[in-house]
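# What the coordinates show
Residue strings, one per chain:
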Amino acid sequence: MGKEKIGWKELEIGCVVTEPGSAASYKTGEWRSERPVRDNTKCIKCGICYIYCPDACIREDEEGYFEADLYYCKGCGVCAHECPRGVITMVEEEEEAKEEKEK
Amino acid sequence: MTKRRIVGLEGSFAIAEAVRMANVDVISAYPITPQTHIVERLAEMIADGELDAEFICVESEHSAMSACVGASAAGARVFTCSASQGLELMHEVLYIPSSMRLPIVAVAANRALSAPLSVWCDHSDVMAIRDIGWIQIFAENNQQAFDLTVCAYRIAEDKEVLFPAMVHMDGFYLSHVTEGVMLPDEEEVAQFIPDYEYPFVLDPDNPVSMGCYGPPFIYPEAKKAQEVDFEKTKPKIQEVWNEFGDTFGRSYSPVEEYQMEDASIALLTMGSSGETAMLAADEMRAEGREVGLVRLRLWRPFPFKEFREAVKDVELLVVLDRALSFGMGGPVCSEVKSALYEKRKELNIVGFIGGLGGRDIPIDGFKYMVNRAVERVKAAEWGEEMGPEMIGVRE
């Protein structure tokens, strides 16, 4: 994100943000230490994860399954806790990265 | 033809006159001794139609400053005032306008902090807010309280400044004492502080976000910009004071000197005690002693250059603090020491703490400080530690 490189001289007075809706570009996904990993074979498409997600980062795909947008997902695990079918497992980011490397 | 006139006014009413002539749009304040008369007088002016402003009644100083922040962000000219516990309750919100660069003008009727409960003057409340990023200016008498409040609007709203400014007036010594105050013509004041346009205002047609979240990737840059701009206000403050002098005949400086031409000993004060210290300097001069006085008019941003210049030829600087930083001594004394660290290591500085909670410091008090300071410098040469000393305290 280019904005992260902004120098102090480039800031507007009082740190005013002149671009409306710019909060959407803030990558809260960087806070995450665990990510939700889904086993959609168990999913009944009830949408409880979608309703409970406190960040509203879960979207419904064309087939009716739900997926977290990892740009925003902070890894809180509420979806995994609320899922009535145990579809979602929280996996540590580092392990996930290791597994992907091994593949 | 201007209509200037001298009127007998207590400091609080002088402030209220300045605020009325500044034609403010919004006032939000909560009464607290010794600031109450300012708010009462302003409320009266609005009720009587002498001032066309919104008076927002609030339940606390915290809300008063919050209302001022909102009004200022919407582009209004704003005033508030407080003291002591009230200023402390406001504390959290005081950082917002200085970081968001909102040119709010406030007055503090300096007062001690509890406990024990004291409604009388000292500078504990001033020192508790010295790091908030407000321009802080000290008045010594009621004329200055008026003049410096008028100037505060012009300074705060200058496009190259845009910082909130606070005028400090000693509680009771000025707030409740009637003195002759030269009031200028209202038109002159209106010309001196014209309407201003803030570069960003809350406007639905041109939306901006103010007071945003500042994650680690941007917070230090925000603070650097704030500090650089705050330092840059110093020449502008002097410029406004000079222009005020050209128009109204009374000019001010960040550091003001009295009998300093050939002084080898200098007293240093802030606020109303400067006037007593002047009398003390006069008496000591009559006794043949080379004593002068330095008064800090501008407390923040700290006038390093002007201060060093003022004391460059003195051998002994005697600092009065009307506040106590527990476990550290006098805050003004420790700041002037740090201001001189790089330039004048050979200068002796002796600090005294006095006048706490409204205890008077008479002329003899200043003479005592000078004599005691000379003794202490001698004692220090023999190895005695020069810790802070409280004066006028019964054993």
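Presented here is a report on the structure given in the accompanying data block. (Residues numbered from 1 in each chain as written. Chains lettered and ligands numbered in written order. Predicted model: local features only at pLDDT ≥ 70, side-chain atom pairs only at ≥ 80, totals over all residues. Heavy atoms only, no water.)

This brings us to the nonpolar core. If you look at the biggest cluster of nonpolar residues, it comprises 56 residues, and the most contacted ones within it are B:V24, B:L42, B:F79, B:I135, B:I155 and B:W241. Looking at this core element by element, the count peaks at 9 residues for helix α6 (residues 142-157) of chain B. Once you skip the residues sitting within four places of it in the chain, B:I135 turns out to touch B:I155, B:V161, B:F163, B:P164, B:A165, B:M166, B:F230, B:T233, B:I237, B:L298, B:R300 and B:P301. Counting 31 residues, the second-largest nonpolar core is a separate cluster that includes A:I13, B:V78, B:L87 and B:W134. (Core = buried A, V, L, I, M, F, W, Y, C linked by side-chain atoms within 4.5 Å. Buried < 20%, exposed > 50% of the residue type's maximum accessible area, 1.4 Å probe, protein only. Helix = DSSP H or I, 4+ residues; strand = E, 2+ residues; numbered from the N terminus. Contact = heavy atoms within 4.5 Å.)

The next subject is the sheet that holds strand β15 (residues 389-390) of chain B. Residue and element names in this part refer to chain B. Spatially, the 6 strands line up as an open sheet ordered β9-β11-β10-β13-β14-β15, and their pairing is mixed. In the strand order of this sheet, the two ends are held by β9 (255-258) and β15, each with one partner. Pairing analysis gives 6 bridges linking strand β13 (residues 316-321) to strand β14 (residues 348-353), with the strands arranged parallel. Among the inter-strand pairings, L316 is bridged to a residue of β14, identified as N348. (Pairing = 2+ DSSP bridges.)

Quick look at α6(B) now. Residue and element names in this part refer to chain B. Taking 1.5 Å of rise per residue, the 16 residues of α6 would be expected to cover 22 Å, and the 23 Å separating its terminal C-alpha atoms lies within 8% of that figure. The element α6 is largely enclosed, with a buried count of 16 among its 16 residues. Two or three places before Q143, at the start of α6, stands the capping residue N141, its side-chain oxygen 3.2 Å from that residue's backbone nitrogen. (Expected span 1.5 Å × (residues − 1). Polar contact = N/O pair within 3.5 Å; in protein donor to acceptor, adjacent residues only side chain to side chain.)

Right, let's get into the sheet that holds strand β5 (residues 105-110) of chain B. Residue and element names in this part refer to chain B. Pairing is mixed in the open sheet, where 7 strands are placed in the order β3-β2-β4-β5-β7-β6-β12. Each having just a single partner strand, β3 (54-56) and β12 (298-300) make up the two edges of the open sheet. If you compare each strand with its neighbour and ignore which way they point, the axes differ by 20° on average. Where strand β6 (residues 135-138) lies against strand β7 (residues 165-170), 4 bridges are found, and the strand directions are parallel. The residue bridging Q136 from the neighbouring strand is M166, located in β7. (Axes fitted to C-alpha atoms, helices over the stretch in contact; angles between N-to-C directions.)

Once that is clear, we can look at the packing of helix α1 (residues 11-21) of chain B against helix α2 (residues 36-47) of chain B. Each pair of packed helices can be summarised by the angle the axes make with each other and by the distance between the axes. All names here are of chain B. Running from N to C, α1 and α2 point in directions that differ by 40°, and their axes come no closer than 8 Å. Relative to α2, the element α1 lies oblique. The chirality of how α1 crosses α2 is right-handed. Mapping the contact onto sequence places S12, F13, I15, A16, E17, V19 and R20 in α1 and H37, I38, R41, L42 and M45 in α2. Here the residues of the contact of α1 with α2 are counted per class, giving 7 nonpolar, 2 polar and 3 charged. (Parallel < 35°, antiparallel > 145°, perpendicular 65-115°, else oblique. Left-handed = near helix turned anticlockwise from the far one by under 90°. Nonpolar A, V, L, I, M, F, W, Y, C, P; charged D, E, K, R; others polar.)

Turning our attention to the pattern of salt bridges. Any two side chains of opposite charge can pair if their charged atoms end up close together. All names here are of chain B. For the structure shown, the criterion picks out 31 salt bridges over all chains. Of the charged contacts, one joins R20 and E17 as a salt bridge, the two residues approaching to 2.8 Å between their closest N and O atoms. Within this pair, R20 and its partner E17 are both found in helix α1, separated by 3 residues, close to a single helical turn. Like R20, the residue E17 is buried in the burial classification. Residue R41 is joined to E44 by a salt bridge in which the shortest nitrogen-to-oxygen separation is 2.7 Å. With R41 and E44 both in helix α2, this residue pair falls 3 residues apart, about one helical turn. Members of the salt-bridge network, linked through shared partners, are R130, D131, R300 and E335. (Salt bridge = Lys/Arg side-chain N within 4 Å of Asp/Glu carboxyl O.)

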